[in-house]
Amino acid sequence: MVAAIVLLMSGFKGLFVPPPTEIIQEQPVYPGFRIAYALIYSYPAIYFLQRLGSLWRLLLEQKLLVLFVVWCGVSIAWSAIPGISFRKFAALSGLALFAAYFSTRFDYRQQLLLIHRACLLCLAFVVLTILALPQLAWYNDGRFIALKGIFDHKNILGCFASIGILSYMGFRRCSGLPIFSPWGVSLVGSYLTLIIFAHAITALLVLILLASALLLAALAKWFGPTHRTRAIALIIFCAVALLVGAMASDAVLENVGREKGLTGRTALWSACIDMGLRHPLIGYGFNGFWNGFGEPSRTIWLAFPWHPNHAHNGPLDWFLQLGAIGTVVALVWMWVILSRCRRLLTTSPLHVCLMVQWMFIAFTSLTESLVTAANTLMFLLLVQLSVMSSRLLRNQALAPGIAGNSADRTI
């Protein structure tokens, strides 16, 4: 399971794929990775085929997830590159099945432990790559030298390091162990060091999330249920405002070595909106827009010398690929998950980890498009959160008299 999570983090791809500065339209195919992903996704398929009753109940509980995946599959019909769209859709479906298995097979504390161990393994290999293969661990994108380690991009490294921090702190909290032990401080410091050398904006997300987690935990302890929901909503609003304000501040961006305008993201967002409005309802098909110098992404690649391969914004990429219909389904699904996390937060302080996980996914989606990318941990985390929140609410409904205590033990 740990090895599967490492691969879903895009671990070791950076040792094989070309550096991001080498612009190519078709990435080379490595059968080894495809075979590994097929093996990862085949096991949960066999597992659920032997438990059709559990699968049926899961599908009924996760109607919005099913609707989102089905719409991704239907959109292949009008994709400009149907072959790639079908392959990406197969990967997305397999990943959703694996995430469902992961969420039902283990309790939340075990899930965090497995993710934590996977991040530790990646951390060890990143350090090893820096020492043994520095020419593969670093790359120059024309503005600065950045660290990517065993991953295929510096932003993936920053995302992995953020997940490493959150999974460690979440597991310690769910286990009733102190978070700021000597080992914990050194581990978090190591992850933050990787984020700094990767020049990843995810570092800012981590700081906001950690502060939000502490505030949410304090609210869950000191405030009653009546005021807690309003306070949580206020904290989320303030965190989003702080994030957007920090990213838009020229002074902050220049201090961390980034250009104004979020390294060209704001101009890219404008161009993507213009392209999306040409097919506003149904989009260009799942993974059917970004086709290098081919259509339909040719206009954007000609306009941006750094040749983006996604919109650097989750909802905007949904709009490009799936149109307004798919975007609404995805946003409603996210809102339902948030609602479940909020309800759980009022029953047990330990469920703050679920809320922090949702916030991490939402904040990361502001500047990256990792949620619906094929074979990525971000979509696994979203499906895991959706399934796990439903599972905990169902358990509490079965035992309302001991909801708080049973939830603590379950998580």
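What about the overall build of the protein?
Then, in step 1: Within the protein one finds 18 helices and two strands.
Then, in step 2: In the form shown here, the protein has an accessible surface area of approximately 17700 Å², with 69% of it arising from carbon and sulfur atoms.

Comments concerning the state of the cysteines
Then, in step 1: Taken as a whole, this structure holds zero disulfides when the rule is applied.
Then, in step 2: Free of any disulfide, Cys119 has its nearest neighbouring cysteine sulfur in Cys122, separated by 6.4 Å.
Then, in step 3: The structure places no disulfide on Cys174, whose sulfur is separated from the nearest cysteine sulfur, that of Cys353, by 3.7 Å.
Then, in step 4: With a relative accessible area of 10%, Cys174 lands in the buried category.

Some points on the packing of aromatic side chains
Then, in step 1: Under the counting rule described, the total for this entry stands at 16 aromatic pairs.
Then, in step 2: An angle of 90 degrees between the planes, with centres 4.8 Å apart, marks the rings of Phe289 and Trp290 as edge-to-face. The pair formed by Phe289 and Trp290 is uniform in burial state, with each residue classed as buried.
Then, in step 3: Aromatic ring contacts, followed pair by pair, group Tyr43, Tyr47, Phe48 and Tyr101 into a single cluster.
Then, in step 4: Positioned over the ring face of Phe106 is Arg105, at 5.3 Å from the centre of the ring.

Regarding the environment of Tyr47
Then, in step 1: Along the polypeptide, Tyr47 turns up in helix 2 (residues 31-49).
Then, in step 2: Tyr47 sits in the buried class, given a relative accessible area of 16%.
Then, in step 3: The sequence separation of Tyr47 and Tyr101 amounts to 54 residues, and the corresponding C-alpha distance is 7.9 Å.
Then, in step 4: Leaving out residues up to four positions away in the same chain, Tyr47 has contacts with Tyr101 and Arg105.

What about the nonpolar core?
Then, in step 1: Phe68, Phe160, Ile163 and Phe379 are the most contacted members of the largest nonpolar core, which has 99 residues in total.
Then, in step 2: Grouped together as the second largest cluster of nonpolar side chains are 15 residues, Tyr284, Phe289, Ala311 and Leu320 included.

A closer look at the environment of Gln396
Then, in step 1: Relative to the assigned elements, Gln396 resides in helix 17 (residues 377-398).
Then, in step 2: Gln396 sits in the buried class, given a relative accessible area of 9%.

So, a nonpolar patch on the surface
Then, in step 1: The grouping of Trp56, Leu59, Leu60, Val66, Val70 and Val74 at the surface amounts to a nonpolar patch, some 510 Å² of accessible area in total.
Then, in step 2: Take Trp56: it is sitting in helix 3 (residues 52-61).

Regarding the packing of helix 6 (residues 108-132) against helix 17
Then, in step 1: It is the contact of helix 6 with helix 17, at a shortest axis distance of 11 Å, that shows an interaxial angle of 165 degrees. Considering their axes alone, helix 6 and helix 17 lie roughly antiparallel with respect to each other. The crossing of helix 6 and helix 17 is left-handed. Contact residues: Tyr108, Gln111 and Ile115 in helix 6; Leu381, Gln384, Met388 and Arg391 in helix 17.
Then, in step 2: Residue composition of the contact of helix 6 with helix 17, grouped by class: four nonpolar, two polar and one charged.

What counts, and where the lines are drawn
- Residues numbered from 1 in each chain as written.
- Predicted model: local features only at pLDDT ≥ 70, side-chain atom pairs only at ≥ 80, totals over all residues.
- Heavy atoms only, no water.
- Helix = DSSP H or I, 4+ residues; strand = E, 2+ residues; numbered from the N terminus.
- Areas by Shrake-Rupley, 256 points an atom, 1.4 Å probe, with all protein chains shown as cover.
- Disulfide = S-S within 2.5 Å.
- Buried < 20%, exposed > 50% of the residue type's maximum accessible area, 1.4 Å probe, protein only.
- Phe/Tyr/Trp six-rings, centres within 6.5 Å; stacked < 30°, edge-to-face > 60°.
- Lys NZ or Arg CZ within 6 Å of the ring centre and 35° of its normal.
- Contact = heavy atoms within 4.5 Å.
- Core = buried A, V, L, I, M, F, W, Y, C linked by side-chain atoms within 4.5 Å.
- Patch = residues over 30% accessible without salt bridge, like charges linked within 9 Å, V, L, I, M, F, W, Y side chains within 5 Å.
- Salt bridge = Lys/Arg side-chain N within 4 Å of Asp/Glu carboxyl O.
- Axes fitted to C-alpha atoms, helices over the stretch in contact; angles between N-to-C directions.
- Parallel < 35°, antiparallel > 145°, perpendicular 65-115°, else oblique.
- Left-handed = near helix turned anticlockwise from the far one by under 90°.
- Nonpolar A, V, L, I, M, F, W, Y, C, P; charged D, E, K, R; others polar.

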